[in-house]
Amino acid sequence: MREVDVVVIGAGPVGENVADRAKAGGLDVVIVERELVGGECSYWACVPSKTLLRSAAALRAAQRVPGAAEAVTGRLDVAAVFRRRNEWVSDWSDAGGEEWLRGAGIGLERGHARLAGLRRVDVERADGTTVELAARHAVVIATGTDAAIPDLPGLADARPWTSREATSSPEAPGRLAIIGGGVVAVEMATAYAGFGSEVTVLARSGLLGGMEPFAGEAVADGLRELGASVHMAARLASVSRDDRDQVVIEVEGGDPVVADEVLVATGRRPRTADLGLETVGLEPGDWLDVDDTLLVAGAPAGEAGWLYAVGDVNHRALLTHQGKYQGRAAGDVIAARAIGARVDDAPWGVHVATADHEAVPQVVFAEPECASVGLTAEAAEHAGRRVRVIDVPLGSASGAGIHGDGAEGRARLVVDLDRETVIGATFVGPDLAELLHAATIAIVGEVPIGRLWHAVPAFPTVSEIWLRLLEALGRPTADRVIPAGDSGAAA
Ligand SMILES: Cc1cc2nc3c(=O)[nH]c(=O)nc-3n(C[C@H](O)[C@H](O)[C@H](O)COP(=O)(O)OP(=O)(O)OC[C@H]3O[C@@H](n4cnc5c(N)ncnc54)[C@H](O)[C@@H]3O)c2cc1C
Ligand SMILES: NC(=O)c1ccc[n+]([C@@H]2O[C@H](COP(=O)([O-])OP(=O)(O)OC[C@H]3O[C@@H](n4cnc5c(N)ncnc54)[C@H](O)[C@@H]3O)[C@@H](O)[C@H]2O)c1
């Protein structure tokens, strides 16, 4: 049995961050990985999907600018896009990740980890041997998620693609059907439509359900412009492969959809089924509920305060950046608790992931881009907040027009009228992703609207959309800003 301070299960982006912070806090850390150091994000999710999307997006951006448009008359070089994707995923080698761990002084055990009771982890190596680890202070579960496959007749036998095949395919199929209307569905539809595949999206209730409705509507229009067929209320009856190896999807009340491949993009399930959760009184296969310091709720068997769950597996926000944020808090709080230091767990303290509740930023790299943070108008109203919703068209900022012709899109702020702060923001339009961080800062910093007027966007940048939003909200009138009798008139 090997004793260490902390065992982290899963070397995805989140596990790496936990390990890094715990190590920086002076603890001895071992991380366990059964596939590739770097996790889903680096090899089958964020990185390959964004590289698959970027080239066509750059081409479309150039085509929106006369002068540049005339210079880019050729077609997308699809083979070059796949080659660039392969470079970004290092041809699915994690040598770089392994080297980073070594440099950071974090131990690596390769194999499948399972909890084996209180602060114990067994690692089954590929050669069948088992390494027993005992953690003095904490065990951290950062095992991520797998694609969820719905129980649709015939689907499992039709060799469906999941996000893994969609992001690692060596080529674009002639026809690609996509089941789902969430982020994976629209991004992969955008990528493959850009490659020239005949794409059919079968969503059951619109696109991008968690965002403002105008985001999903704009993306549906964008996909159709790219040549995709988008069904917003598809009821699927069954899926099969015929004798020509085609996928046939029977749709209730409509014609069957026939494709070469079918991508299932209907959400995720936690990787907790084979993790030994039963040895600590938790239910295998469940998401792991945590408090804001990322401690697993429900006091696992024997002793509270040693089991953490960080990243996708806790279901708070299935995003790399948000999981890494949790990972920094978790690594630091583990180190603080280990030496009996003060735990800063008040909201927005260093040891808590408060932003998970208030300000989760997300960019969907579709055509157009959709970027959002905080609450949608509907969510704010459900939460009982008294809000004002401000919408402005993207074209109202001349910077957007100069950036590219026909700058169609929309920006929305959700303003809390009682606190006079921004609590939600959404930007939909070409190349708008980089606008998002300003909104995240406004929300996290609870910047008063009055102060936002002093944050002047440079002319003529796309950020001038912020000024248009404030103007639409209305500048405070003199009687609200300057108390009567204190007008400064004496000066
Ligand atoms: C197609 C796609 C595109 C995405 N794009 C984005 C994006 O652009 N931006 C964004 O923020 N998010 C994106 N996401 C989400 C992002 O991939 C996840 O939020 C992120 O990977 C979660 O990180 P994690 O470390 O929690 O889990 P993972 O990245 O899944 O890593 C978990 C690791 O744990 C290992 N593991 C699991 N079980 C065990 C075990 N028992 N023993 C040992 N090791 C184990 C796994 O092998 C894996 O390496 C995307 C997701 C998909 C599917
Ligand atoms: N750019 C990004 O930030 C990015 C990109 C990709 C993925 N992600 C993350 O990965 C996670 C997973 O993405 P996803 O698209 O798989 O999930 P999702 O939750 O975003 O969308 C799931 C979609 O599948 C539909 N669906 C669910 N069950 C269904 C069923 N039985 N039949 C038909 N449709 C069904 C839902 O209505 C929804 O449209 C997301 O939470 C997202 O945060 C992020």
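Remember, predicted model here, so these are calculated numbers, not experimental data.

**Some thoughts on the site of ligand 2**
In the vicinity of ligand 2 lie 23 residues, with Pro150, Gly180, Gly181, Gly182 and Val184 positioned nearest. Every element with two or more residues in the shell around ligand 2 is listed here: helix 8 (183-195) and strand 17 (362-364). If one sorts the elements of the shell around ligand 2 by residue count, helix 8 sits on top with four residues. Here the residues of the shell around ligand 2 are counted per class, giving twelve nonpolar, eight polar and three charged.

**Here we look at the nonpolar core**
Core analysis: the biggest nonpolar cluster contains 147 residues, and Val140, Ile178, Ala189 and Tyr308 have the highest contact counts within it. The element that contributes the greatest number of residues to this core is helix 8, accounting for nine residues. The residues contacting isoleucine 178, other than those within four sequence positions of it, are Ala185, Met188, Ala189, Val199, Thr200, Val201, Leu202, Leu263 and Ala265.

**Section: the domain arrangement of the protein chain**
Taken domain by domain, the protein chain comprises domain 1 (2-38 + 94-146 + 269-355), domain 2 (156-266) and domain 3 (368-490). Between the C-alpha centres of domain 1 and domain 3 the distance comes to 38 Å.

**Let's talk about the confidence of the model for the protein chain**
On average, residues of the protein chain score 95 in pLDDT, and 96% of them reach the 70 mark or higher. Under a pLDDT of 50 for its full length, residues 482-491 has, in the predicted model, one contact with residues more than four places off or in other chains.

**A few points about the UniProt feature "binding site: FAD" (unreviewed entry) in the protein chain**
Per the UniProt entry, the sites bearing "binding site: FAD" (unreviewed entry) are Lys50 and Asp312 in this numbering. Along the chain, lysine 50 falls in helix 3 (residues 46-63). Among the residues examined, lysine 50 registers 17 C-beta atoms within 10 Å and is labelled partly exposed. Mapped onto the elements, aspartate 312 comes out in the loop between strand 16 (307-309) and helix 10 (320-338). Excluding its chain neighbours within four sequence positions, the residues that come into contact with aspartate 312 are Gly144, Thr145, Arg268, Leu318 and Gly323.

**Section: unusual backbone geometry**
The step from glutamate 367 to proline 368 runs through a cis peptide bond, and the omega angle for that step is 5°. Among the structural elements, proline 368 can be located in the loop between strand 17 and strand 18 (369-374). Across the junction of phenylalanine 459 and proline 460, the peptide omega takes the value -5°, indicating a cis bond. Phi is positive for serine 90, close to 50°, though the residue is something other than glycine. One can find serine 90 in the loop between helix 5 (78-88) and helix 6 (95-104). Judged by local crowding, serine 90 falls into the partly exposed class, with 16 C-beta atoms found within 10 Å. Non-glycine residue arginine 159 carries a positive phi angle of around 50°. One can find arginine 159 in the loop between strand 7 (145-147) and helix 7 (163-168). Using a count of 12 C-beta atoms within 10 Å as the deciding quantity, one classes arginine 159 as exposed.

**Side note on the packing of helix 3 against helix 5**
It is at 9 Å that the axes of helix 3 and helix 5 come closest, and there the two elements cross at 150°. With respect to each other, helix 3 and helix 5 are oriented roughly antiparallel. The element helix 3 and its partner helix 5 pack so that their crossing is right-handed. Of the residues in helix 5, those in contact with Val47, Pro48, Thr51, Leu52 and Ser55 of helix 3 are Val81, Arg84, Arg85 and Trp88. For the contact of helix 3 with helix 5, the residue count by class is five nonpolar, two polar and two charged.

**Describing the packing of helix 3 against helix 8**
Running from N to C, helix 3 and helix 8 point in directions that differ by 50°, and their axes come no closer than 9 Å. One element, helix 3, and the other, helix 8, form an angle in the oblique class. At the point where helix 3 passes helix 8, the crossing takes the left-handed sense. Here Ser49, Leu52, Leu53 and Ala56 of helix 3 lie close against helix 8, whose contacting residues are Glu187, Thr190, Ala191 and Gly194. Looking at side-chain class alone, the contact of helix 3 with helix 8 contains four nonpolar, three polar and one charged residues.

**A few points about the site of ligand 1**
Around ligand 1 sit 35 residues in total, of which Gly10, Gly12, Gly39, Gly144 and Gly311 are the nearest. Residue composition of the shell around ligand 1, by class: 14 nonpolar, 14 polar and seven charged.

**Regarding the UniProt feature "domain: Pyridine nucleotide-disulphide oxidoreductase dimerisation" (unreviewed entry) in the protein chain**
Sequence positions flagged by UniProt for "domain: Pyridine nucleotide-disulphide oxidoreductase dimerisation" (unreviewed entry) are, in local numbering, residues 360-466. Secondary structure content for residues 360-466 is 25% helix and 30% strand, while the C-alpha to C-alpha distance between its ends is 19 Å.

**Describing the sheet that holds strand 12 (residues 247-251)**
A sheet is described by the order of its strands in space; here three strands give the open sequence 11-12-13, paired in antiparallel fashion. Bordering the open sheet on either side are strand 11 (236-241) and strand 13 (257-259), each of which pairs with just one other strand. Averaged over neighbouring strand pairs, the angle between their axes works out to 15° when direction is ignored. In this sheet, strand 13 lies alongside strand 12 in antiparallel orientation, the contact comprising three bridges. Counterpart to valine 247 in the pairing with strand 13 is alanine 259.

**Comments concerning the pairing of strand 6 (residues 130-141)**
Side-chain direction in a regular strand flips from residue to residue, so the side chains alternate between the two faces of the sheet. Pairing of strand 1 (residues 2-9) with strand 6, which is carried by seven bridges, proceeds in the parallel orientation. By the bridge assignment, glutamate 3 is partnered in strand 6 with alanine 134. In this sheet, strand 6 lies alongside strand 5 (residues 120-124) in antiparallel orientation, the contact comprising five bridges. Looking at strand 6, one finds that aspartate 122 is bridged to glutamate 132. Where strand 5 hands over to strand 6, the hairpin turn is made up of five residues, of which glycine 128 adopts a positive phi near 90°.

**Quick look at the sheet that holds strand 18**
Spatially, the five strands line up as an open sheet ordered 17-18-21-20-19, and their pairing is antiparallel. Pairing within the sheet leaves two strands with one partner each, and these edge strands are strand 17 and strand 19 (387-393). Averaged over all pairs of adjacent strands, the angle between their axes in this sheet comes to 15°, without regard to strand direction. Judged from the seven bridges that link them, strand 19 and strand 20 (residues 410-416) form a sheet pairing that is antiparallel. What sits directly across from aspartate 391, in strand 20, is arginine 412. Across the sheet, helix 16 (residues 465-473) lies against strand 19 and strand 20, angled at about 130° from strand 19, the strand it touches most.

About the criteria used
Residues numbered from 1 in each chain as written. Chains lettered and ligands numbered in written order. Predicted model: local features only at pLDDT ≥ 70, side-chain atom pairs only at ≥ 80, totals over all residues. Near = placed C-beta within 6 Å. Helix = DSSP H or I, 4+ residues; strand = E, 2+ residues; numbered from the N terminus. Nonpolar A, V, L, I, M, F, W, Y, C, P; charged D, E, K, R; others polar. Core = buried A, V, L, I, M, F, W, Y, C linked by C-beta atoms within 7 Å. Buried ≥ 20, exposed ≤ 12 C-beta atoms within 10 Å, placed from the backbone. Contact = placed C-beta atoms within 7 Å. Domains from an automatic or database assignment. pLDDT = per-residue confidence, 0-100. UniProt positions renumbered as here; feature names shortened; annotations may be inferred. Axes fitted to C-alpha atoms, helices over the stretch in contact; angles between N-to-C directions. Parallel < 35°, antiparallel > 145°, perpendicular 65-115°, else oblique. Left-handed = near helix turned anticlockwise from the far one by under 90°. Pairing = 2+ DSSP bridges.

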